[in-house]
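Listed here are the chains, written in short residue letters.
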Amino acid sequence: MKVSRRSQVPPFSVMQIIAQARERHAGGHPVINLCAGEPAAGASAVVRQEAARVLESGDLGYTQSLGVPQLREALAAHYARWYGVEVDPQCVAITTGSSGGFVLAFLAAFDVGDRVAVARPGYPAYRNILVSLGIEVVELPCGLGTRFQPTVAQLDEAHRRSPLAGVVIASPANPTGTIIDPLEFQAIVAWCASHGVRLVSDEIYHGVVFEESQPVVTAAGFRDMGAITVSSFSKYWAMTGWRIGWLVLPQDMVATADALAGNVSLCPPALSQFAAVAALSEQGYAAAQVDVEMYRLSREVVLDGCGRLGWSRVAPADGAFYLYADVSGSGLDSVTWCERLLVEADVAMTPGVDFDSEAGRDWIRLSFANRPEVMREALERVISWQNR
């Protein structure tokens, strides 16, 4: 029996490296894992305590397809708090992580054969989900010259070749951590609206930002222009395994998303939804901000170490918790570099080929979502290994 052609997407190689790192760790090796985009601290006490309370006494049956009203209302208040943007709770759709959000958004917005532009390097799941849905992916090569973010000029060129139906952007981005300048963000929104192109904005790393001079913009303020916002509790609130995310949708897409969600997933995880309400409390925000301060210190350790590492070409680490660095000066491609680093120094990092099928063999991604002392130890191991 055959499998579908559209299902033939490449595996996410970071998951393979994580498995290898875990295997080495289980074998007694002192592995430091810097490949996963996973906060070391995990969900805060206020979230875990609320989950325990609900687990003991709450109703954990099916919820509404687009999520419980309490969480949708709390997220609407979140947009007023962080961005001064008014959001109708009915336009908030709770999803099974941002991954479920992307599937739902892409199903609702695009047809088979549509062309959707994404930045390269970029999070590989955008490309792979789109391909599995029969959508043509148009990669926009982005490098240091554009701070690894797409430009209106690139969109114009791609649209002239053959019309685009959509554009996916991320700010802060994975793997680079770069943030789109607010004026450029607005220019992209305006370009999409004027060309009838659907904008999908990945905002999963909002809150994990290090320079006050580089504010982030939310597409939720442009939903009347057709923009879709995708976000999650996984990063800022460190709730990765809880699998809880959300969309902010244009009003005319809500009924469509509701029908699709009811058929695809029935509803998001009930326990995680109620726990996420606690994440949006004053205590939840405060706990998350403590984690961001830890990432800030770890970022400083990594940036200070770039000189000793010999990494002169790195992406501007504006937000998220990644450093994207060119290691081609080692004479090794990034896959070999990462394989040898794990085996010979017990440090796990991610080769850039996951994020960029062309230039990625020169680049690696390092996650600094860990304590500063762990980052110092990891960098000392890398420096010692490189100097052998």
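Residues numbered from 1 in each chain as written. Predicted model: local features only at pLDDT ≥ 70, side-chain atom pairs only at ≥ 80, totals over all residues. Heavy atoms only, no water.

### Some points on unusual backbone geometry
This is how it is decided: For the purposes of this entry, the term helix denotes a DSSP run of H or I that reaches at least four residues, the term strand denotes a run of E that reaches at least two, and both are numbered from the N terminus. Three exposure classes are used, based on accessible area relative to the maximum for each residue type with a 1.4 Å probe and protein chains only: buried under 20%, partly exposed in between, and exposed over 50%.
Of the consecutive residues arginine 120 and proline 121, the connecting peptide bond is found in the cis state with omega at 10 degrees. In this structure, the amide linkage connecting asparagine 174 to the following residue, proline 175, adopts the cis form with an omega of 20 degrees. The residue proline 175 is located in the loop between β5 (166-170) and α7 (182-195) in this model. One non-glycine residue, arginine 147, lies in positive phi territory at about 55 degrees. Within the secondary structure layout, arginine 147 lies in the loop between β4 (136-141) and α6 (152-161). Unusually for a residue other than glycine, leucine 266 sits at a positive phi of about 65 degrees. Inspection of the secondary structure puts leucine 266 in the loop between α8 (254-264) and α9 (270-279). The class of leucine 266 is partly exposed, set by a relative accessible area of 42%.

### Quick look at α9
Using the following cut-off: In what follows, a contact means two residues having at least one pair of non-hydrogen atoms within 4.5 Å.
The element α9 is extensively covered by neighbouring structure, given that eight of its 10 residues are classed as buried. Here α9 has its buried residues at Ala270, Ser272, Gln273, Phe274, Ala275, Ala276, Ala278 and Ala279. Looking at the packing, one finds that the buried side of α9 touches α2 (45-57), α3 (69-83), β2 (92-95) and α10 (282-309).

### Remarks on the side chain of threonine 176
What counts, and what does not: By the criterion applied in these results, polar contacts are pairs of N or O atoms within 3.5 Å in which, for protein atoms, one can donate a hydrogen and the other can accept it, and in which residues neighboring in sequence qualify only through two side-chain atoms.
Note on placement: threonine 176 falls in the loop between β5 and α7. One polar contact links threonine 176 to threonine 178, side chain to side chain, over a distance of 3.0 Å. Setting aside anything within four residues of it in sequence, one finds threonine 176 in contact with Pro121, Phe148, Ala315, Pro316, Ala317, Tyr322 and Tyr324.

### What to know about the pattern of salt bridges
As a reminder, the rule being used: Whenever Lys or Arg places a side-chain nitrogen within 4 Å of a carboxyl oxygen from Asp or Glu, that contact is recorded as a salt bridge.
Summed over the entire model, instances satisfying the criterion amount to 19 salt bridges. Residue arginine 388 is joined to glutamate 344 by a salt bridge in which the shortest nitrogen-to-oxygen separation is 4.0 Å. Taken as a pair, arginine 388 in the segment after α12 (372-386) and glutamate 344 in helix α11 (residues 334-345) lie far apart in primary sequence, 44 residues in all. For arginine 388, a relative accessible area of 65% puts it in the exposed group. For glutamate 344, a relative accessible area of 32% gives the class partly exposed.

### With respect to the environment of serine 328
Of note, serine 328 is situated in the loop between β9 (322-326) and α11. Separated by 35 residues in the primary sequence, serine 328 and tryptophan 363 place their C-alpha atoms 7.1 Å from one another.

### Considering the UniProt feature "domain: Aminotransferase class I/classII large" (unreviewed entry) in the protein chain
For clarity, the threshold we go by: UniProt positions are given in the numbering used here, feature names are shortened, and annotations may be inferred rather than shown by experiment.
Feature annotation in UniProt assigns "domain: Aminotransferase class I/classII large" (unreviewed entry) to the following positions: residues 30-381. The span residues 30-381 carries 41% helix and 14% strand; its end-to-end C-alpha distance comes to 11 Å.

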